[in-house]
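An overview of the molecular structure
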Amino acid sequence: MKRLFVFLCTLLLTLSVGAQTEATARKILNKTAALINRRGGASANFTATGKFGTTAGSLAIKGNKFYARTGQAVVWYNGKTQWTYLKKSQEVNVSNPTEAQQQSMNPYKFVNIYKNGFKLSSKAVGGGWQVHMQAANNKRSIKEMYVTVDKNYYPKTIKMRQANGWITINVTNFRAKNLSDGIFTFNAKEYPHAEVIDLR
């Protein structure tokens, strides 16, 4: 009887700690999401490393819109249509990306996906926190993710596992700033020699 009592107490304590950890992780991501999703927008610099090498650039986000620039490409997404300009070939591919495709292009999509279908946990690291997200359904395009934020809830590192392996994105110079909606739409006048290929 005593063993049963000890076992039940341990089980209840474990469940309680797990619930607290998940609640803490959700609170951290809620605060980070509020910063990223601010009405005016936000911008940052990033370095992404994965199976296909390393690339660096800048990113601007406003609601579900984003703009990214690297040494190889420029991407505009206005909430429905995406334009991808490839500098080497001077082609602009126009598409309506799926949710999974958006997640692979826009590292800040985690601000929405953590709310459903992920088990959350967190731990304190380097004056901030690291949140671990594990997909409840292994068929999701993002299987697992680690999000590290500083004491002000600014994102520092996003590490995600997809079908083709891990991608690590280091974020620097994150700042809230008011952005014009125009920067999220491709302007053909700025790329007069580009060939536009409509893939929709």
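Residues numbered from 1 in each chain as written. Predicted model: local features only at pLDDT ≥ 70, side-chain atom pairs only at ≥ 80, totals over all residues. Heavy atoms only, no water.

Moving on, we come to the nonpolar core. L29, L120, M133, M145 and I169 are the most contacted members of the largest nonpolar core, which totals 32 residues. With five residues, the top contributor of residues to this core is helix α1 (residues 2–36). In terms of nonpolar packing, the next biggest core, distinct from the first, is built from 13 residues, A60, W76, F184 and A194 among them. (Core = buried A, V, L, I, M, F, W, Y, C linked by side-chain atoms within 4.5 Å. Buried < 20%, exposed > 50% of the residue type's maximum accessible area, 1.4 Å probe, protein only. Helix = DSSP H or I, 4+ residues; strand = E, 2+ residues; numbered from the N terminus.)

Centre distance and the angle of the planes are the two values used to describe a pair of aromatic rings. Summed over the entire model, instances satisfying the criterion amount to nine aromatic pairs. Their ring planes at 80 degrees and their centres at 5.6 Å tell us that W76 and Y191 sit as a pair that is edge-to-face. Here W76, found in strand β4 (residues 73–77), pairs with Y191, found in the loop between β11 (165–176) and β12 (195–198); they are 115 residues apart in sequence, far enough to count as distant. Judged by relative accessible area, W76 falls into the buried class, the value being 5%. On the basis of relative accessible area, Y191 is assigned to the buried category, the value being 15%. Geometrically, the ring pair formed by W129 and Y153 is stacked, given 4.9 Å between the ring centres and 10 degrees between the ring planes. With W129 in strand β8 (residues 128–135) and Y153 in the loop between β9 (144–149) and β10 (155–162), this residue pair connects regions lying 24 residues apart in the sequence. Residue classification places W129 among the partly exposed residues on the basis of a relative accessible area of 25%. Relative accessible area serves as the criterion here: at 18%, Y153 is assigned to the buried category. Grouped by ring-pair contacts, the aromatic residues Y67, W76, Y85, F186 and Y191 constitute a single cluster. One residue, K159, lies across the ring of W166, its end atom 5.0 Å from the ring centre. (Phe/Tyr/Trp six-rings, centres within 6.5 Å; stacked < 30°, edge-to-face > 60°. Lys NZ or Arg CZ within 6 Å of the ring centre and 35° of its normal.)

Moving on, we come to unusual backbone geometry. A negative phi angle characterises most non-glycine residues, just as the trans form characterises most peptide bonds. Positive phi outside glycine occurs at Q90, with the angle close to 55 degrees. Mapped onto the secondary structure, Q90 falls in the loop between β5 (82–86) and β6 (91–95). Q90 gets classed as partly exposed once you look at its relative accessible area, which sits at 36%. At N173, a residue that is not glycine, the phi angle is positive and equals roughly 60 degrees. Along the chain, N173 falls in strand β11. Classification of N173 as partly exposed rests on a relative accessible area of 46%.

On to the confidence of the model for the chain, then. Counting all residues, the mean pLDDT for the chain is 82, and 84% of those residues have values of 70 or more. Contacts of residues 1–20 to residues separated by more than four positions or lying in other chains number zero contacts, the stretch itself having pLDDT below 50. (pLDDT = per-residue confidence, 0-100. Contact = heavy atoms within 4.5 Å.)

A few words now on the pairing of β5. Most of β5 sits inside the fold, with four of its five residues counted as buried. In the sheet, β4 pairs with β5 via five bridges, with the strands oriented antiparallel. Directly across from V75, in β5, lies its bridge partner T84. If you look at the hairpin formed by β4 and β5, you'll find four residues sitting between the two strands, and G79 has a positive phi there, around 105 degrees. With five bridges connecting them, β5 and β6 associate as antiparallel partners. The partner of Y85 across the bridge, within β6, is V92. Where β5 folds back onto β6 in an antiparallel hairpin, the turn is made up of four residues, including Q90, whose phi is positive at roughly 55 degrees. (Pairing = 2+ DSSP bridges.)

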